[in-house]
Structures are given as structure tokens and as C-alpha cells.
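So you can see what is in the structure, the chains are spelled out below.
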Amino acid sequence: MYLDNNATTQVAPEVIEAMMPFFRDMWGNPSSMHHFGGQVKKYIDIAREQVAAMIGADPSEIVFTSCGTESNNTAIRGAAEASGRKIKIVTTRVEHPAVLGPCRYLKDHGHEVIELGVDSSGQLNLAELRQALAGGPALVSVMWANNETGVVFPIQEIADIVREYGGVFHTDAVQAIGKLPIDVRKIPIDLLSLTGHKLHAPKGIGALYIRKGTKLSTFLLGGHQENGRRGGTENVPYIVGLGCASSLSLKYLKTEMKRVAKLRDKLEAGLLATCPDTTVNGDRAHRLPNTTNISFQYIEGEAILYHLSDIGVGASSGSACTSGSLEPSHVIRAMGVPFTAAHGSTRFSLSRYTTEEEIDYVIEHMPAIVKRLRELSPFV
Amino acid sequence: MWDYTDKVLDHFRNPRNVGIVPDADGVGEVGSLACGDALKLTFKLGRDKRITDVKFKTFGCASAIASSSALTEIIKGMTLEEAGKVTNQDIANYLGGLPEQKMHCSVMGREALEVAIANYKTGTTAKKILAGKVICTCFGVTEEEIERVVRDNNLTTVEQVTNYCKAGGGCGGCKDDIEQIIQRVRKELDAKLAAAQKPAKLTVLQKVKLIEETLDREIRPMLKRDGGDVELIDVSGNRVIVSFRGMCAGCQAAPITMKDVVEAKLKEFVSADLTVEEEKS
């Protein structure tokens, strides 16, 4: 029972089918001047259209990358470099490391970086964003939805504010893609990162949306591919896979995500009802339909995950021990979740493949795990 | 997932001796919710002054639970004197080893045991008290505790110290202090080792080699910090002739202080009969 879809997703069977011919038969280099390569190029174009359609972009605004981390690095470092001077970068304390990493790197290289905090529900105070922008335009990088809590930021409002102050707006939409409707025609987003493996495509393929006219330095130099915006021979099978997964996610967005949200709500309500001293982390009114982050107080996350794994359930935790560090996740800490709850935070993230039987199974077995660990705990 | 041994997983899934011994003779509590793991150990002694009953309660990850369970199995039946000698390495070994990043779980076990024994012997508090200078404020780790894990486990890097007792694992502001503690303890350990290895009667070759080693370990790092160096020119019987280089060569203080320092170190680590002379150029 896989309930860790914010970490990665299973590859859709349709996606695997779509990819196979490009390993077996159509393995040519799309740049070649012969039919081996020539027949391949059009499938890249189709995939580009499919990805663009998913977010309301023009195909020419889509650049394929190797992963979400590359998309984020390209967007943030590329925008900073393209400006040709030291700039101000505004981001949040709860971003994924793939955003915080490049931001902190740029800070070490003389750029000004402002990290906005969040409240106990994981939400931003937009007055603080305005304050940060008041001194002059900036590059703003704010995630669409948080990977740990599922909290969704008001991207429309944020994009409008950034536009008002004349800044460049990047959003890491890795978790939002396929779970929320996204339309860059309606929201003034300049740069948007996405990745395949959260979308039932394989790992190793991502994309960056670059609004026409956005100044961006090239991250991978040395190739004419992707219109000179990203060198390197195209990863054809994976690009085709991402295209296929994008079409599927668009197709299933309305129907399946409603069903997923219902299952998530059932799981959440079930666990809160059967396990005492249990709280939900994050703004429940503005949240991804597939995610719930629950703190089981007085017990520790890694121990919970190992017991869950023993009964065949895969989930995730923001506890210190699972991260390999000694402190709970930076997101949980930024929200000021008390330590009694932080170490026992557990994330369940569903997908369109999740069934009601699986949710019922977790609701049935979780209380015993919690009870067992609490019997061991000196704090109960 | 962590690379846990089957024994760790067994003790996690089927922890032995869970609970609290009623009317315990000794109680030891370490860790906290903030730290991410905590252990309460209670034991009772029999008429023969051996531990007849011991139980634990642990908040923490799989290896914290397994380490606590292992500890209770190890010390059951021991006298307090025997139990007092149990090290964190013994706990890790009992479990067939722990991942390096999880060694602090075994240290937590040893600490709880110490507190519980002290609680029995002196009637002092059952909670761990921070004695001495706190180095890591994030996790409340003292200088003494860091020295202890470095000594007990022969540690050499700050990263290892963090893995073994969490110090330095929070904001990281104390890493320089930890590095200094490691250097100091290592020096003691190395010196002890060197002193233990000092043979009774040295051949000329052994003597020269030992003098060079001592200069390398005890003198040069000190001089190099100030841009200086020392060279061994000759050894004639018990007369050691050296020459100071770099910044040290023209140093006014050199004839008095450096010669004395070098002589003292060589007397300590090589032979008490040595005298040091400085070669005049």
C-alpha cells in the first residue's frame, strides 16, 4: 500500500507503453539528418505540446530538463545571472532544498536573499512579501504547494504582487502539477518548475516553463538542443513519457482528484477519531487533495514508519531520524509545531491509484501501532 | 531505510523488558521530547546485589528502542560494578552494530545506566543534570560528555561526535569548539599511546626516530601556527642539536622558551637524560 506519492509515484502503465518504442526501435538522435533521427523529432514536439497543454503554456515556452532540481537551479541561478548584477531574491523558509540550495548559494555569492517565514498553519503573510519587495524589484521564488504538508500558497495573489513591483516570479510547482488546475495564461508566472516522477512518469525527466520574454541564462552550455536553452542530446523516451503522463494527469485531474480528496479526508478523519492526541499539520482549507500530515504525539516518526512498513504500508515522516539529521524537518520547525508533535509527524500522500480498501486498512491498523509505541514512551 | 541488523529490528519489533520496575532501587532518565529521543531506565537489585529486574521506556526511533532493549538484556544479572563498566560500544556490539549516524542511541543507553546507578548510590536526582560547560546548546551536550565519547569510541572528526552524542547537529555553531575538544583529547590519547610504547633502552636509530616523531607531534604544529619550524640537526649521545627556522629563527624568545619546551617534551616522550642545544649559524 503505497501512500508516499509526494516522494515519488508509480509509473503509469500507459506511460511505460508510450516509452518502449523509443528504446526498442526509435532510438535515433533527433538532431541527425537521416530517418533514424528524423522520425523521432516529431514525438518530442508532441510531448512538448502535451506538457504545455497541461499548464496552459505555448509549447515554445517548455524546456525539458533532467529533474525538478535542475529546473529550480536553472530558474533561480539563470535569472540571477541573466540580470548581470547582484539582485534581491525573495523566497520562503519552507521551500524544497532544491530551491533553498541555489538561493543560499547565491547569498554566499553576494546576492541578497530574504526568506519569508510562515505561521502555524504553514501560510505566508503577504504583507511581508510586499515589505520585502518595497525596496526594489526582485526575483521571487515561492512554491505552489508544500511537499510535506500539502499546504497550497495563494499563487495568483503572489504572482500579481510580484508583477505589481516589477519582479520576476518563479514557482516550484513540482507537487502541485497533476493535483491542482494550473494555467499560466491566467496567472503571471514567469518561471515554473515541474518533474515527471511526481506525475506517474519516470524519474530523470523534468521541465521548466519559461514565459516568453523572460531573461534567463543557460544552465547547461554546449548544445543547440531545446533552442539553445538546455544543451545535451534529448532524453527521447523520457520526454515522451512525460508528455504522456501530462496528458493523463490533465484527463484525470477533475474526476480522480475529487475522489482522492475524499479518500484523504476519510483517512484523516479516521485516524483523528481512533488515535487520541493526534493533530493535523498545515492549513486544511488550502491544501493539496492528496496530502495529510498528521502528528502522533509522544511517539517518533521513524518508529511509526518501520511498523507501517511491517504491515505493508509506505508513508513518510518529518521526524529527525528519518531525515538522517538530528532535527525535525525545516518545514515543521518553520511552522513552530511543538516538539511533542514534530518528531511524530507522519505524511500520507495518495494518488489516483489509491483505493478505498487501502485507506480502510490503514485506519484499521494504525491505532495498534500508535498504542504500541505509546506503551513504550516515557511521556505517556 | 537504514541498514539495521536483524538483531536491531528484532529488538525494535519485540522489545524486551518494557515498563517501569515498581519500587525501583535506581532510576535514570535522559533525553527529552525536544531532543527527539528519551529513555527512562529502572532497576531493582536482588539480595546478592545483582540486578534482578530492569525495565525501560523509550521515546525514539527504531534503533533507540532497540538500544534500550539491548541494554536491559546486557545488564540483567550484573552487579552494579559490572554494569558500570558497560560502554555504548557494548550496546552497539550486542546488536551486531548500529549505523554510524545512530550511535547516539547507544550512548543514550549508557548515559541512562550511569544516571540510574548514581541515583541508587547517592540518592541524587534520577534525571541527567548538565554538569560542567555546555558546548552544544541545541542538544544540551557538555564538554565532559563530548570528551567521553571521543575517548570511549576513539573518534577523530566533528561529524563522528555529532553521530555519537548529537553535539553540533543543530545550528552547528559549536563545531569549532568540538574540533578543539577532539584535538585536545586526541593529543592526550596519542601521548598516552606514545608513552606506553616508550622502550626501556633505545638504540641510536630508535632514539632519532622517536625524537623526530615527538617534534612532529608536539612541537611543529605549535611553531607552524606562528610561521616557524624546527629542524633536527644531530644527535650526539644525549645531546640533541636543533635549529629553528622561519619566524622562529630570529625570535628573541627562542633561546630561552623554545629550547626549554622542546627539551621538556623530548624528556617526557623520549628519554629523561636528553638535553637540547640550539645550533648557532
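What you see is a predicted model, and the numbers here were worked out from it, not measured in a lab. Going along each chain's sequence as written, the residues are numbered from 1 onward. Chains carry letters from A onward and ligands carry numbers from 1 onward, assigned in written order. A pLDDT threshold of at least 70 governs which residues receive local features in this predicted model, and a stricter bar of 80 or more applies before side-chain atom pairs are shown or counted, although totals over entire chains, interfaces and linings include all residues. Each side-chain value is derived from all of the structure's non-hydrogen atoms; neither hydrogens nor water enter the calculation.

*Asks:* Talk me through the overall build of chain A; I want residue IDs and the actual numbers.
*Replies:* Runs of E in the DSSP output that reach at least two residues are strands. Runs of H or I that reach at least four are helices, and both are numbered from the N terminus. Assigned secondary structure in chain A consists of 13 helices and eleven strands. Taken along the three principal axes of its C-alpha coordinates, chain A extends 70 × 55 × 35 Å. For chain A, the proportion of its 380 residues judged to be buried stands at 59%. In what follows, a contact means two residues having at least one pair of non-hydrogen atoms within 4.5 Å. Partitioning the contacts of chain A with sequence separation of at least 6, the portion at a separation of at least 24 is 73%. All accessible areas in this document rest on Shrake-Rupley with a 1.4 Å probe, and a residue is counted as covered only by the protein chains that are shown. Summing over all exposed atoms, chain A offers an accessible surface of approximately 14,900 Å²; the carbon and sulfur share of this is 55%. With 38 positive and 40 negative side-chain charges, chain A shows a spacing of 4 Å between the two charge centroids. Burial status follows relative accessibility: with a 1.4 Å probe on protein chains alone, a residue under 20% of its type maximum counts as buried, one over 50% as exposed, and anything between as partly exposed. None of His or the chain ends enter the tally, which takes Lys and Arg as positive and Asp and Glu as negative. The atom standing in for a charge is NZ when the residue is Lys, CZ when it is Arg, CG when it is Asp and CD when it is Glu.

*Asks:* Before we move on, can you summarise helix 2 (residues 62-75) of chain B with the specific residues and values?
*Replies:* Residue and element names in this part refer to chain B. For a helix, the expected span equals 1.5 Å multiplied by the number of residues minus one. Here helix 2 is 14 residues long and its end C-alpha atoms lie 20 Å apart, about the 20 Å a rise of 1.5 Å per residue gives. Most of helix 2 sits out of view: 13 of its 14 residues are buried. Directly after helix 2, the chain includes Gly77, whose backbone phi takes a positive value near 90°.

*Asks:* If you had to explain the environment of Gly167 of chain A to someone new, which residues and values would you point to?
*Replies:* Residue and element names in this part refer to chain A. By the secondary structure assignment, Gly167 is in the loop between helix 7 (155-164) and strand 5 (168-172). Of the residues examined, Gly167 reaches a relative accessible area of 13% and is grouped as buried. In the structure, Gly167 is positioned 30 residues away from Pro137 in sequence and 4.7 Å away in space, judged by C-alpha atoms. Residue contacts for Gly167: discarding those within four places in its chain leaves Pro137, Ala138, Val162 and Asp190.

*Asks:* Explain the pairing of strand 6 (residues 228-236) of chain B to me, and be specific about the residues and the numbers.
*Replies:* All names here are of chain B. Strand pairing is assigned whenever DSSP identifies at least 2 bridges connecting the two strands. Summarising the sheet, strand 6 and strand 7 (residues 239-246) pair through eight bridges and their orientation is antiparallel. Its bridge partner lying in strand 7, Leu232 is registered against Val242. Counting the residues in the hairpin turn of strand 6 and strand 7 gives two residues, including Gly237, whose phi is positive at 60°.

*Asks:* Before we move on, could you go through the interface of chain A and chain B and cite the residues and values that matter?
*Replies:* Listed by partner, the interface residues are 25 residues for chain A and 31 residues for chain B. Accessible surface is computed with a 1.4 Å probe, and the buried area is the amount of it that two parts give up when combined, taken over both parts together. When chain A packs against chain B, the two sides together hide about 2,300 Å² of surface, and 67% of this comes from carbon and sulfur. In terms of surface lost to chain B, no three residues of chain A exceed Tyr306, Leu326 and Leu376 of chain A, which account for 32% of the buried area on that side. Note that Lys102 of chain B and Glu302 of chain A form a salt bridge whose closest N and O atoms lie 2.5 Å from each other. Between N or O atoms, a polar contact is any pair within 3.5 Å; within protein, one atom must be a potential hydrogen donor and the other a potential acceptor, and residues adjacent in sequence are included only when both atoms are from side chains. At the boundary of chain A and chain B, one finds eleven residue pairs in polar contact (both at pLDDT 80 or more). Contributions of two or more residues to the side of chain A that touches chain B are made by helix 9 (301-310), helix 12 (339-342) and helix 13 (356-376) of chain A. Among the residues forming the side of chain A that touches chain B, the class breakdown is twelve nonpolar, six polar and seven charged. What counts as a salt bridge is simple: a side-chain nitrogen of Lys or Arg found within 4 Å of a carboxyl oxygen of Asp or Glu. Any residue that is not Ala, Val, Leu, Ile, Met, Phe, Trp, Tyr, Cys, Pro, Asp, Glu, Lys or Arg is counted as polar, Gly included; the first ten are nonpolar and the last four charged.

*Asks:* Explain the packing of helix 6 (residues 143-153) of chain B against helix 7 (residues 158-165) of chain B to me, using residue names and the numbers behind them.
*Replies:* Residues and elements named next belong to chain B. Convention adopted: a line fitted to C-alpha atoms gives each axis, helices being fitted over their contacting stretch, and angles between N-to-C directions are expressed from 0 to 180 degrees. Helix 7 packs onto helix 6 with a crossing angle of 105° between their chain directions and a minimal axis gap of 10 Å. In terms of axis orientation, helix 6 runs roughly perpendicular to helix 7. Together, Ile146, Val149, Val150 and Asn153 of helix 6 and Val161, Tyr164 and Cys165 of helix 7 make up the contact between the two elements. Residue composition of the contact of helix 6 with helix 7, grouped by class: six nonpolar, one polar and no charged. These descriptions rest on fixed angle ranges, namely under 35 degrees for roughly parallel, over 145 for roughly antiparallel, 65 to 115 for roughly perpendicular, and the rest for oblique.

*Asks:* Just give me the short version of the domain arrangement of chain B, but keep the residues and values in it.
*Replies:* Residues and elements named next belong to chain B. Throughout the structure description, domain borders are defined by an automatic or database domain assignment. Under the domain assignment, chain B is made up of domain 1 (6-122), domain 2 (134-197) and domain 3 (204-278). Computed over C-alpha atoms, the centres of domain 1 and domain 2 are 23 Å apart. In this complex, domain 1 contributes 13 residues to the contact, which on the side of domain 2 involves eleven residues. Contact between domain 1 and domain 2 buries roughly 1,100 Å² in total, counting both sides, with carbon and sulfur atoms accounting for 42%. On the domain 1 side of the contact with domain 2, Cys35, Glu100 and His104 bury the most area, a combined 40% of that side's loss. In this assembly, domain 1 and domain 2 are joined by two salt bridges. For the salt bridge of Asp37 with Lys166, the shortest nitrogen-to-oxygen distance reads 2.9 Å.

*Asks:* Lay out the pairing of strand 1 (residues 26-32) of chain B in plain terms, naming residues and giving numbers.
*Replies:* All names here are of chain B. Relative to strand 2 (residues 37-45), strand 1 runs antiparallel, the two being bridged by seven bridges. What sits directly across from Gly31, in strand 2, is Ala38. Once strand 1 ends, the chain turns through four residues before running back antiparallel as strand 2, passing Gly36 with a positive phi of about 95°.

*Asks:* Give me the lowdown on the side chain of Glu226 of chain A, citing residues and values where you can.
*Replies:* In this fold, Glu226 of chain A is placed in the loop between strand 7 (206-210) and helix 8 (236-274). Residue contacts for Glu226 of chain A: discarding those within four places in its chain leaves Arg48, Ile62, Val63, Phe64 and Glu234 of chain A.

*Asks:* Lay out the confidence of the model for chain B in plain terms, naming residues and giving numbers.
*Replies:* Averaged over all residues, the pLDDT of chain B is 87; the fraction at 70 or higher stands at 93%. Two summary scores accompany this predicted model of the complex, namely pTM at 0.82 and ipTM at 0.87. The pLDDT value tells you how sure the predictor is about a given residue, anywhere from 0 up to 100.

*Asks:* An account of the pattern of salt bridges is requested, with residue identities and associated values reported.
*Replies:* This structure, assessed with the given rule, holds 38 salt bridges over all chains. We note a salt bridge from Glu268 of chain A to Arg287 of chain A, for which the minimum N-O separation is 2.8 Å. One end of the pair, Glu268 of chain A, is in helix 8; the other, Arg287 of chain A, is in the loop between strand 8 (278-280) and strand 9 (291-296), and 19 residues separate them in sequence. Assessed through its relative accessible area of 2%, Glu268 of chain A is described here as buried. Judged by its relative accessible area of 9%, Arg287 of chain A falls in the buried class. One salt bridge in this structure joins Arg184 of chain B and Glu143 of chain B, with 3.1 Å as the shortest N-O distance. Of this pair, Arg184 of chain B sits in helix 8 (residues 175-197) while Glu143 of chain B is found in helix 6, placing the two residues 41 residues apart along the sequence. On the accessibility criterion, Arg184 of chain B (36% relative accessible area) is partly exposed. Through salt bridges with shared partners, a single ionic network connects Arg110, Glu114, Arg148 and Asp152 of chain B.

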